[in-house]
Amino acid sequence: FPRSIMVLAVVGYATIVFLGMTNIFIQTLAANEVRGRAVAVYSTILLGIVPAGSLLVGALATLVGLQHAFRVAGIATAAVAIGAFALTPALRAS
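Reference entry: report on the structure contained in this document. Computed from a prediction, not measured in an experiment: that's the story for all the values here. (Residues numbered from 1 in each chain as written. Predicted model: local features only at pLDDT ≥ 70, side-chain atom pairs only at ≥ 80, totals over all residues. Heavy atoms only, no water.)

### Focus: the overall build of the chain
Selection rule: Secondary structure follows DSSP: runs of H or I at least 4 residues long count as helices, runs of E at least 2 residues long count as strands, and numbering of each begins at the N terminus. Only protein chains enter the accessibility calculation, which uses a 1.4 Å probe; a residue is then buried when its area is under 20% of its type maximum, exposed when over 50%, and partly exposed in between. To be clear on the numbers: accessible area is Shrake-Rupley with a 1.4 Å probe, and residue cover counts the displayed protein chains and nothing else.
Secondary structure summary: the chain contains four helices and zero strands in total. Along the chain direction, N to C, the helices and strands of the chain fall in the order α-α-α-α. In terms of principal-axis extent, the alpha carbons of the chain reach across some 45 × 30 × 25 Å. Counting across all 94 residues of the chain, residues that qualify as buried make up 6%. By element, 77% of the accessible surface of the chain is carried by carbon and sulfur atoms, the whole surface being about 7,500 Å².

### Quick word on the layout of surface pockets
In plain terms, the rule: Grid points spaced at 1 Å over the protein atoms alone were grouped into cavities, where a 1.4 Å probe fits but cannot get out, and pockets, open sets with protein on both sides within 12 Å along at least five of seven lines, with lining residues defined by an atom within 4 Å of a point. Grid points are joined across faces, edges and corners, and a volume is the space filled by probe spheres set on the points. Put simply, Ala, Val, Leu, Ile, Met, Phe, Trp, Tyr, Cys and Pro go in the nonpolar bin, Asp, Glu, Lys and Arg in the charged bin, and everything else, Gly too, in the polar bin.
Approximately 680 Å³ is the volume found for the largest pocket. Along its surface, the largest pocket is lined by 19 residues, and I49, A73, A76, T77 and V80 are the ones closest to its centre. Those elements that place two or more of their residues in the lining of the largest pocket are α2 (35–64) and α3 (66–87). Top element by residues in the lining of the largest pocket is α3. It accounts for 10 residues. Size it by volume and the second largest pocket reaches roughly 560 Å³. If you trace the second largest pocket, you find 16 residues lining it, with F18, T22, F25, I26 and Y42 closest to the centre. Counting residues per element, the lining of the second largest pocket draws most heavily on helix α1 (residues 2–29), which supplies seven residues. Residues of the lining of the second largest pocket, tallied by class, amount to 14 nonpolar, two polar and no charged.

### A few points about the packing of α2 against α3
We count it as follows: The angle between two axes is taken between their N-to-C directions and runs from 0 to 180 degrees, where each axis is a line fitted to C-alpha atoms and a helix contributes only its stretch in contact. Just so you know how the angles are binned, under 35 degrees is roughly parallel, over 145 roughly antiparallel, 65 to 115 roughly perpendicular, and the rest oblique. Left-handed describes a crossing whose near helix is turned anticlockwise from the far helix through less than a right angle; right-handed describes the clockwise counterpart. A contact between two residues is defined here by any heavy atoms of the two lying within 4.5 Å.
Relative orientation of the contacting elements α2 and α3 amounts to 135°, with a least axis distance of 7 Å. As the angle between them shows, α2 and α3 are arranged oblique. Read as a crossing pair, α2 and α3 show a hand that is right-handed. Contacts from V57, L60, A61 and V64 of α2 reach α3 at L66, H68, A69, F70, V72 and A73. Its residues placed into classes, the contact of α2 with α3 shows nine nonpolar, one polar and no charged.

### Examining the packing of α1 against α2
Put simply, α1 and α2 touch, their axes get as near as 9 Å, and they point 145° apart. Crossing hand, α1 versus α2: right-handed. Contacts between α1 and α2 involve L19, T22, N23, I26 and Q27 from the former and R35, A38, V39, Y42 and L46 from the latter. Tallied by class, the residues present in the contact of α1 with α2 amount to six nonpolar, three polar and one charged.

Below you can see the structure in the form of structure tokens.
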């Protein structure tokens, strides 16, 4: 139990840092004319994709088990991150 609390604290801190850095990154890359729209789209995607992903992982966990569902979700997340990095020149330049 104490180990779980420590892991949750580290994951919570990492999530806050990630969200803050992502917000700064988006605002830095977006042109002045569309900065508000870019942040709005980011917020909409973040608030819409996370619950949908949780629902999908929960359904998958029911079918194949929690460990396998997390493994599949991790592989899918890594694939999307690598694909976004490979296909977006602005990410590679910064």
